[in-house]
Amino acid sequence: MTDIEKVAVVGGGLMGAGIAEVCARAGLDVLVAEVGTDALDRARARISGSLERAVAKAKLTAEEGADAETRLSYTADIGDCADRDLVIEAVAEDEAVKTDVFARLDKVVARPDAILASNTSSIPIMKLAMATGRAGQVVGIHFFNPVPVLPLVELVPSLLTSNETTERAADFATGTLGKTVVHARDRAGFVVNALLVPYLLSAIRMLESGFAAAEDIDAGMVHGCAHPMGPLRLADLIGLDTTRAIADSMYAEFKEPLYAPPPLLLRMVDAGLYGKKSGRGFYDYGKDA
Ligand SMILES: CC(=O)CC(=O)SCCNC(=O)CCNC(=O)[C@H](O)C(C)(C)COP(=O)(O)OP(=O)(O)OC[C@H]1O[C@@H](n2cnc3c(N)ncnc32)[C@H](O)[C@@H]1OP(=O)(O)O
Ligand SMILES: NC(=O)C1=CN([C@@H]2O[C@H](COP(=O)(O)OP(=O)(O)OC[C@H]3O[C@@H](n4cnc5c(N)ncnc54)[C@H](O)[C@@H]3O)[C@@H](O)[C@H]2O)C=CC1
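Because the structure is a prediction, the values reported are computed rather than measured.

A word on the site of ligand 2
At step 1: Every one of the 26 residues lining ligand 2 counts as a neighbour, but Gly11, Gly13, Met15, Ser121 and Asn145 are closest to it.
At step 2: Elements with a contribution of two residues or more to the shell around ligand 2: α1 (14-25) and α4 (95-108).
At step 3: With three residues, the single largest contributor to the shell around ligand 2 is α1.
At step 4: For the shell around ligand 2, the per-class residue count stands at 14 nonpolar, ten polar and two charged.
At step 5: Counting the residues that make up the shell around ligand 2, at least three belong to each of domain 1 (6-183) and domain 2 (193-278).

Now the structure itself:
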């Protein structure tokens, strides 16, 4: 266990809700910060629903589920992050939005040794660190979707992150949350997305070119390579808006065509077809997805 007891998660979407849930299940006091009451209600419903499913599947006792709920609190005021030991930013994959959040956290987080972490998939940590006056305490702690299921955390120090911050973040991920850590350099996409995203984009290009149907592309990778889901269903799970944003930042960093988002992905994002979270992407998920 580490000295980290009070955590805030800024952004309670797909990833922020999962991160808040695993932190509360690990016994931490967790504050979820969102942009307004509607977004907070959605975050609360996401976390409570997931805890209820874990209880229904006997992964948690009813008492453990109820205890986790009592450790969670919600706010629309980022100023409430003042007393936190660790803040994990999980807002949309947009550099301007994230740097604004880091600049605001730098003003409000009062503890001199607090860690400011980002769950970014691809934005260099240095860009976020330089929005603060405490780059030594800014680090990437990158979780994987769904957070309660997947064991991995990528730990990404920038050139300016102190060894102490990196070690405390690693202890938090492994000792407190029980995750498996891999260390990555501060390059867009880190380790996993640098490998995964070109594969997802290739599948989209394959569909776009008429090479094969979505179902056949996915079935090929599920039944031929034992992946738990095919690349198009996985892109839908990640969110096509997020997949596009990740591709954009990797392409901006490396200028390699394999990272360039294909036109079909761009048009689907333009159309609001974000995948599972919006109800439609490469597949239909119905209204309640
Ligand atoms: C973009 C980035 O920056 C980084 C990323 O995250 S990249 C994305 C990485 N994620 C992946 O690659 C996901 C690959 N897919 C999978 O692992 C699986 O398909 C999946 C876990 C999503 C669903 O698995 P499945 O077998 O098709 O469905 P299902 O039977 O419903 O779920 C399997 C288990 O996971 C659990 N689960 C699924 N989704 C869950 C969620 N959102 N929260 C909690 N538990 C969940 C289920 O309860 C079930 O648990 P049990 O076996 O103990 O009953
Ligand atoms: N979707 C995925 O599979 C994965 C995503 N990530 C990363 O996690 C981050 C979040 O992604 P998702 O959860 O998928 O996105 P999402 O769109 O589901 O959630 C983002 C949330 O941030 C909130 N938000 C926006 N601005 C805010 C602000 N200023 N203050 C507080 N909240 C704010 C939004 O209201 C929304 O609820 C991104 O950086 C993404 O790249 C990392 C791993 C996997």
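With respect to the packing of helix α7 (residues 192-208) against helix α10 (residues 240-254)
At step 1: For the pair α7 and α10, interaxial distance at closest approach is 11 Å and the crossing angle is 115°. Crossing angle aside, the handedness with which α7 passes α10 is left-handed. Here Asn193, Val197, Leu200 and Leu201 of α7 lie close against α10, whose contacting residues are Thr243, Ile246, Ala247 and Met250.
At step 2: Taken together, the residues of the contact of α7 with α10 break down into six nonpolar, two polar and no charged.

What about the UniProt feature "domain: 3-hydroxyacyl-CoA dehydrogenase NAD binding" (unreviewed entry) in the chain?
At step 1: When the UniProt feature table is mapped onto this chain numbering, "domain: 3-hydroxyacyl-CoA dehydrogenase NAD binding" (unreviewed entry) sits at residues 6-186.
At step 2: Secondary structure within residues 6-186 divides into 41% helix and 21% strand; the distance between the first and last C-alpha atoms comes to 26 Å.

Looking at the environment of Thr174
At step 1: Among the secondary structure elements, Thr174 is positioned in helix α6 (residues 163-176).
At step 2: Given 15 C-beta atoms within a 10 Å radius, Thr174 is considered partly exposed.
At step 3: For the pair Thr174 and Pro151, spaced 23 residues apart in sequence, the C-alpha separation works out to 9.7 Å.
At step 4: Once residues within four sequence positions are removed from consideration, Thr174 is found in contact with Lys179 and Val181.

Observations regarding the site of ligand 1
At step 1: Surrounding ligand 1, one finds 15 residues, the nearest of these being Ser121, Phe144, Asn145, Pro146 and Pro228.
At step 2: Those elements giving two or more residues to the shell around ligand 1 turn out to be α7 and α9 (231-238).
At step 3: Per-class residue counts for the shell around ligand 1 are ten nonpolar, four polar and one charged.
At step 4: Mapping the shell around ligand 1 onto the domain boundaries places at least three of its residues in each of domain 1 (6-183) and domain 2 (193-278).

As for the pairing of strand β4 (residues 86-89)
Both faces of the sheet carry side chains from a regular strand, because those side chains alternate between them.
At step 1: Both faces of β4 are covered, namely the face carrying Leu86 and Ile88 and the face carrying Val87 and Glu89.
At step 2: Pairing geometry for strand β1 (residues 6-10) and β4, over four bridges, is parallel. The partner of Val10 across the bridge, within β4, is Glu89.
At step 3: Looking at chain direction, β4 and strand β5 (residues 115-118) are connected through four bridges and run parallel. By the bridge assignment, Ile88 is partnered in β5 with Ala117.
At step 4: Read from β4 through α4 to β5, the crossover connection turns out right-handed.

What counts and how
Residues numbered from 1 in each chain as written. Chains lettered and ligands numbered in written order. Predicted model: local features only at pLDDT ≥ 70, side-chain atom pairs only at ≥ 80, totals over all residues. Near = placed C-beta within 6 Å. Helix = DSSP H or I, 4+ residues; strand = E, 2+ residues; numbered from the N terminus. Nonpolar A, V, L, I, M, F, W, Y, C, P; charged D, E, K, R; others polar. Domains from an automatic or database assignment. Axes fitted to C-alpha atoms, helices over the stretch in contact; angles between N-to-C directions. Left-handed = near helix turned anticlockwise from the far one by under 90°. Contact = placed C-beta atoms within 7 Å. UniProt positions renumbered as here; feature names shortened; annotations may be inferred. Buried ≥ 20, exposed ≤ 12 C-beta atoms within 10 Å, placed from the backbone. Pairing = 2+ DSSP bridges. Right-handed = clockwise from strand over helix to strand, strands pointing away.

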